Each structure stands twice: as C-alpha cells, then as structure tokens.
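What follows is the residue order along each chain.
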Amino acid sequence: MSAQNITIVGAGIAGLVTALSFARKGHEVDIIEQAQALSEVGAGLQISPNASRILIDLGLGNSLSKAMICPHQITLVSGLSLRKIAHVPCGTFAAARWGAPYGVMHRADLQAMLIEAVKSQSRCRLHLNQRVESATIPTLPERLGRPAPLLTVGADGVWSQTRHLVPGANSPRFSGQVAWRFKMPADGVRAILNPGNVTAFLGTNTHLVAYPIENSTAINMVAIARGADPGQTWAERENPTDRVNLLEAFRESHPDLLSILRDAPQMTWWPLFEVPDGRWSNDAGTVLIGDAAHAMTPFAAQGAAMAIEDGYELAQAVSDAAEDEVRQAVTQYETRRRIRIGRARKRAAFNRFAYHARGPVRLGRDLLLAVKSPESLASDLDWLYGYRAAGL
Ligand SMILES: Cc1cc2nc3c(=O)[nH]c(=O)nc-3n(C[C@H](O)[C@H](O)[C@H](O)COP(=O)(O)OP(=O)(O)OC[C@H]3O[C@@H](n4cnc5c(N)ncnc54)[C@H](O)[C@@H]3O)c2cc1C
C-alpha cells in the first residue's frame, strides 16, 4: 500500500504505539490529544514479554532496558499469614522461555519514551491540548489542514468519544472493583516482601500487588477490593473515606500488611471500568483500540499489553492490504484480535476468582498451587506471554 494519512485520537500507550507502528510503514500520522502536556503520576506497569517484544521491535529496546526493572520472580503470598503460596520465575527464565523480557516500570517512563520516539519520527505530528467530541472528529482533517485520513483510530481510553461513531460498540460498565495506587520507599517494606520480586498478596475479596520502580528504590503498590460505582470518572486523589474503606476491605489481612496500608502516603483511587465485547469498527474507516475498545480489569496486568498488541497488529494488517481492501483488513483484524482479547479477559476473570477466594475455595487454591512446579505455572502463561503479534 502507498503512504496514507492516519488520524489517531488519544496519545496514551495505545495511541503512541499505533503512531509509531504506522509511521514505520511509511504512513503520515496525526495524533490528537486533549492534555496540554503528557504526564502521569504515581503508577507502575507490568510489561509482559508479549508487549516488550513489540516495543523492542519498534526500536525502543535501549530505552526499555534502561527504564525497566526485570523482577526475579512473581510470587503469590497469602495476605492473611504472609506465607508464600507459589511463584513463577522471571528474569533470565522469562526472557529465555518467552523470547523477550518481563519487566516493571513507571508508566510515566514508558509514556515518555514513546513520546520521544514519536517526536523524533518525522512522519508523526502530535497535537496537544485538542480535546475532540464525537461530532467534531469528522472535521479533524480540515481543522488540522490535512487530507482526509484512510483511517481514524480511536485510542481515547475508557471514556472514548470516538466510540460514539461505531454502531454496536459497547459502553463502559463499573466492574465492582476499585484500586488504590501508591508507592513506598523500598526500605520500608522489606519486612514483608523481597523488593526484587513482583509480589501479589492474596486476601479475602482483596489483593495487593507490589513491585519495584525507580531503580528499585521505591515499591509500587496496587490494592484492589470491592467498591461502589462512582459514575463516570477517572483516577482521583483519595479522600479520607477511601482510606477507611480500604482498611475495612483489608481488615482480615496480616497486621504487617495492614500497617503498611494504614501508614502509606497519599494514594490515588481508581474505579475499575470495563468495556464489554462489542463492535470496534464502523466499516467506514473508524476503528477503536486499547481501552476504548475493550478496557479490562487489571487482574492479569494486560490492559496496556493488549493496547500495544492492538496498535502494532492494526498497522500491520492495514499496511499489508491493497488500498481497496482496507475495510476487509480491518474486519479481519477485529475478528482475530477479539479471540485474543477474549482469552485475556477470561484470564483476568480467573485471576480475580483465584486471588480473592475465601473459605474452602481458598484452601483448594492453595493446595493446587502447592503441587504445581514453577515451570508448570509458567507453562500456563505460554499462550499469553509467548504470543507473537502478527508481523513480528
Ligand atoms: C490499577 C491499574 C493497574 C494496571 N496495571 C497494568 C499493568 O500492570 N500492565 C498492563 O499492561 N496494563 C495495566 N493496566 C491497564 C492499562 O493502564 C490500560 O489498559 C492502558 O493504559 C490503556 O491505554 P490506552 O492508551 O488505551 O488508554 P489511556 O491510557 O486512557 O489513554 C487515552 C488517551 O486519550 C486521551 N483522550 C481521551 N479522550 C480524549 C478526547 N476526547 N480528545 C482527545 N484526547 C482524548 C487521554 O487524555 C489519554 O491520553 C492497569 C490499569 C489499572 C487501572
């Protein structure tokens, strides 16, 4: 296919990866972002090998190896007794088994490295401080003084405006779960975890994931429990009631874990929304990707990874198609990705069930995990982490 114009709404991880993926295929890309400056506070991300493989292929290997910490293992620990239940090896094991590193990093670092790559790619133009509404999306080319695009990609997250242009797309629904994100100095939590690992503390209807960021000097923590639907909102600074609710939800946890939650500095409170299965494209040149298409709960830590896979595979599918076959290529992309996203969602739902189990289910879970070797637990993840996005 000859070089085409692509418009992307949203410069989150999905939008930026999509821009780089299209630009390296020779296309001209405009990215429209509502924020005046791209920055994000206090949250970490786990980057699994299925995603890191793509970032490396996009030329980000060096920046990634500087910013990403590769944990030794993912450890499952009882949040009630602090007893270790099971682990999956990471580090060199992950790189050898899945062909790319498993890492953790500050989300702002990932976004910064993507923005730098986009800015140094002459085929990409980033337009900040430009909020769009669904009705104004068709007028974007005129506003930007650009020719009509071959494709408009909605990478505008859970509360997508682009979604309104896609008949049959589903709307966000509250998952019933909320997350509290905060960070602690690594020295302050050594009593309950190894700062070189990803540790998931499994509790009653709750769990807390901890992993190193900032050169391992700090630990990123994400606590998840049931919560009330706040309506359409995004991350917020916690208020005093949020902390009371958090401590109430984790009341059965080990006292050392509880005291970390009680004494932790200011947290960010995130209601968790998902976008259930629905259409992602409108057969008229608009396609949704990432959270705009299929936001999922973070129980399998795959939302950003799926967004990265989406952007890369969409650019590949469209660039491989003849100019009069783009709609078909997008439909085939959607069909193929739907299967993968469905599996990732099921894994997240399974983790939610297993991580938050109580009573006999918890006992059964612990017995089952105790007899499984770390290699066998790793092999359960081959389909997810060993995945090679189309074109890789
Ligand atoms: C607690 C928690 C932990 C998580 N942990 C992980 C993890 O470990 N690993 C992982 O892979 N994923 C994780 N995720 C999921 C991951 O953060 C998201 O799936 C991912 O960031 C989605 O990226 P996106 O680019 O699709 O959307 P977003 O990050 O929401 O980006 C959307 C962009 O579009 C812009 N925008 C929105 N509306 C408009 C508009 N009208 N006009 C212009 N611009 C607009 C926004 O400003 C934003 O820049 C986690 C999520 C949560 C909540």
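The rules behind each value
Residues numbered from 1 in each chain as written. Predicted model: local features only at pLDDT ≥ 70, side-chain atom pairs only at ≥ 80, totals over all residues. Buried ≥ 20, exposed ≤ 12 C-beta atoms within 10 Å, placed from the backbone. Helix = DSSP H or I, 4+ residues; strand = E, 2+ residues; numbered from the N terminus. Pairing = 2+ DSSP bridges. Axes fitted to C-alpha atoms, helices over the stretch in contact; angles between N-to-C directions. Parallel < 35°, antiparallel > 145°, perpendicular 65-115°, else oblique. Left-handed = near helix turned anticlockwise from the far one by under 90°. Contact = placed C-beta atoms within 7 Å. Nonpolar A, V, L, I, M, F, W, Y, C, P; charged D, E, K, R; others polar. Core = buried A, V, L, I, M, F, W, Y, C linked by C-beta atoms within 7 Å. Near = placed C-beta within 6 Å.

A few words now on the pairing of strand β11 (residues 206-213). In terms of residue burial, β11 counts as a mostly covered element, since eight of its eight residues are buried. Residues T206, L208, A210 and P212 line one face of β11 and the alternating positions H207, V209, Y211 and I213 line the opposite face, and both faces are buried. Relative to β11, strand β10 (residues 198-202) runs antiparallel, the two sharing four bridges. Looking at the pairing, T199 lines up with A210 of β11. Bridge analysis of β11 against strand β12 (residues 218-226) gives eight bridges, and the strand direction is antiparallel. For L208, the partnering residue across the bridge sits in β12 and is A223. The hairpin formed by β11 and β12 contains four residues between the paired strands, and E214 there has a positive phi angle of roughly 50°.

The next point concerns the packing of helix α1 (residues 13-23) against helix α9 (residues 303-320). Put simply, α1 and α9 touch, their axes get as near as 8 Å, and they point 25° apart. On the basis of the axis angle, α1 is roughly parallel to α9. Along this stretch, α1 crosses α9, giving a crossing that reads as right-handed. Counting all contacts with α1, which are made through I13, A14, V17, T18, S21 and F22, the residues of α9 involved are A304, A307, I308, D310, G311, Y312, L314 and A315. Looking at the contact of α1 with α9 residue by residue, the classes come out as 10 nonpolar, three polar and one charged.

With that out of the way, let us pick up the nonpolar core. Grouped together as the largest cluster of nonpolar side chains are 117 residues, with contacts concentrated most on A19, V118, A223, I289 and I308. No other element matches α9, which puts 10 residues into this core. Once you skip the residues sitting within four places of it in the chain, V118 turns out to touch L16, A19, L20, I31, C124 and L126.

This part covers the site of the ligand. Around the ligand sit 34 residues in total, of which G10, G12, G157, G290 and G303 are the nearest. Contributions of two or more residues to the shell around the ligand are made by α1, β3 (44-47), β9 (173-185), β14 (268-274), α8 (290-294) and α9. Of all the elements, α9 adds the most residues to the shell around the ligand, at four residues. Partitioned by chemical class, the residues of the shell around the ligand number 19 nonpolar, 10 polar and five charged.

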